[in-house]
Amino acid sequence: MVSEYLKQNTAEYHDAAEKLFNSEKIFNKTFTLEDYKKIINTNYLMLLHSEDKIFNSLNGKFAEKLQLNQRVKLPLIEKDLKSLDLENQNVSHTLEVNNEHEALGMMYVIEGSTLGGNVIAKQLSKTEGFDEVTFNFFGCYQENTGPMWKNFKEVLDTEVTEENFNEVLSGAKKLYTFLLNVN
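Computed from a predicted structure; not experimentally measured.

A. Structural detail: the overall build of the chain. Along the backbone of the chain there are nine helices and zero strands. Over its C-alpha atoms the chain spans a radius of gyration of 16 Å, differing by no more than 12% from the 16 Å that the globule rule assigns to 183 residues. Seen through its principal axes, the chain has C-alpha atoms that stretch 50 × 30 × 30 Å. Residues classed as buried in the chain amount to 47% of the 183 residues present. Taking contacts inside the chain between residues at least 6 apart in sequence as the whole, the part at least 24 apart equals 85%. Carbon together with sulfur atoms contributes 47% to the accessible area of the chain, which is approximately 9,300 Å² in total.

What follows is the structure, encoded as structure tokens:
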């Protein structure tokens with residue numbers, strides 16, 4: 001199953017992202033609004049540079065099975081930017097998506113950030129200083145977060161054959177690397 005393969009082979013990238021964003025501070029309630037602005041801005045840059053390319057690389061079969069129209073996140077994170085008085089930016093880096101398998105790997109990173117983001121939103125909504133924060137991006141699926149993640153993993157695991165695992169992993173590593181180095 002490619003989802004397990006990705007989880008195992010991207011663990012160091014996931015851990016590096018958690019460290020970059022000071023995730024431990026979220027749970028001990030020392031995460032600040034400035035920390036939150038950093039995590040939103042970095043995720044915004046990731047989506048700005050990748051979302052359209054990913055969606056354009058996935059054929060009709062994937063678009064339908066993954067319900068891509070329900071997974072668009074860039075407009076949501078732009079609402080968060082506005083509410084935090086952060087600036088929209090222009091694409092400034094080259095990020096290539098070579099094929100649909102790489103696109104699926106990149107999408108794994110984005111969907112994973114949504115899964116984790118749901119936990120982040122719940123924690124921060126109980127943290128002092130976050131009363132006025134709208135969690136458009138991190139709360140995008142609301143109560144459907146689990147089912148959306150499950151759907152994504154099922155499509156990956158049923159549609160990607162073992163011979164394409166490395167291409168999917170390449171896409172995930174490419175987007176994680178971008179995320180970790182974009183600032």
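Following the structure, the description resumes.
B. Fine view of empty space enclosed by the protein. Following the criterion strictly, the structure yields one cavity of 30 Å³ or more and no others. A volume near 40 Å³ is recorded for the largest cavity. Surrounding the largest cavity, Glu-51, Ile-54, Phe-55, Arg-71, Lys-73, Met-107, Ile-110 and Glu-111 form its lining. For the lining of the largest cavity, the secondary-structure elements that each account for two or more residues are helix 4 (33-57) and helix 7 (100-124). Counted by class, the lining of the largest cavity contains four nonpolar, no polar and four charged residues.

C. Structural context of the layout of surface pockets. Put simply, the largest pocket is a space of about 680 Å³. Residue lining of the largest pocket: 29 residues in total, with His-14, Glu-18, Gly-112, Gly-116 and Tyr-176 positioned closest to the centre. Listed by contribution, the elements that provide at least two residues to the lining of the largest pocket are helix 1 (2-9), helix 2 (11-20), helix 3 (23-27), helix 4, helix 7, helix 8 (145-159) and helix 9 (165-181). Per-element accounting of the lining of the largest pocket gives the leading share, nine residues, to helix 7.

D. Region of interest: the pattern of salt bridges. This structure, assessed with the given rule, holds seven salt bridges. For Lys-73, the salt bridge identified is with Glu-111, shortest N-O distance 2.6 Å. Of the two residues, Lys-73 is situated in the loop between helix 5 (60-65) and helix 6 (74-83) and Glu-111 in helix 7; the sequence distance between them amounts to 38 residues. Accessibility classification places Lys-73 together with Glu-111 in one group, the buried group.

What counts, and at which threshold
Residues numbered from 1 in each chain as written. Predicted model: local features only at pLDDT ≥ 70, side-chain atom pairs only at ≥ 80, totals over all residues. Heavy atoms only, no water. Helix = DSSP H or I, 4+ residues; strand = E, 2+ residues; numbered from the N terminus. Rg over C-alpha atoms; globule rule 2.2 N^0.38 Å. Buried < 20%, exposed > 50% of the residue type's maximum accessible area, 1.4 Å probe, protein only. Contact = heavy atoms within 4.5 Å. Areas by Shrake-Rupley, 256 points an atom, 1.4 Å probe, with all protein chains shown as cover. 1 Å grid on protein atoms, 1.4 Å probe; cavity = no way out; pocket = protein on both sides within 12 Å on 5 of 7 lines; lining within 4 Å. Points joined across faces, edges and corners; volume = space filled by probe spheres on them. Nonpolar A, V, L, I, M, F, W, Y, C, P; charged D, E, K, R; others polar. Salt bridge = Lys/Arg side-chain N within 4 Å of Asp/Glu carboxyl O.

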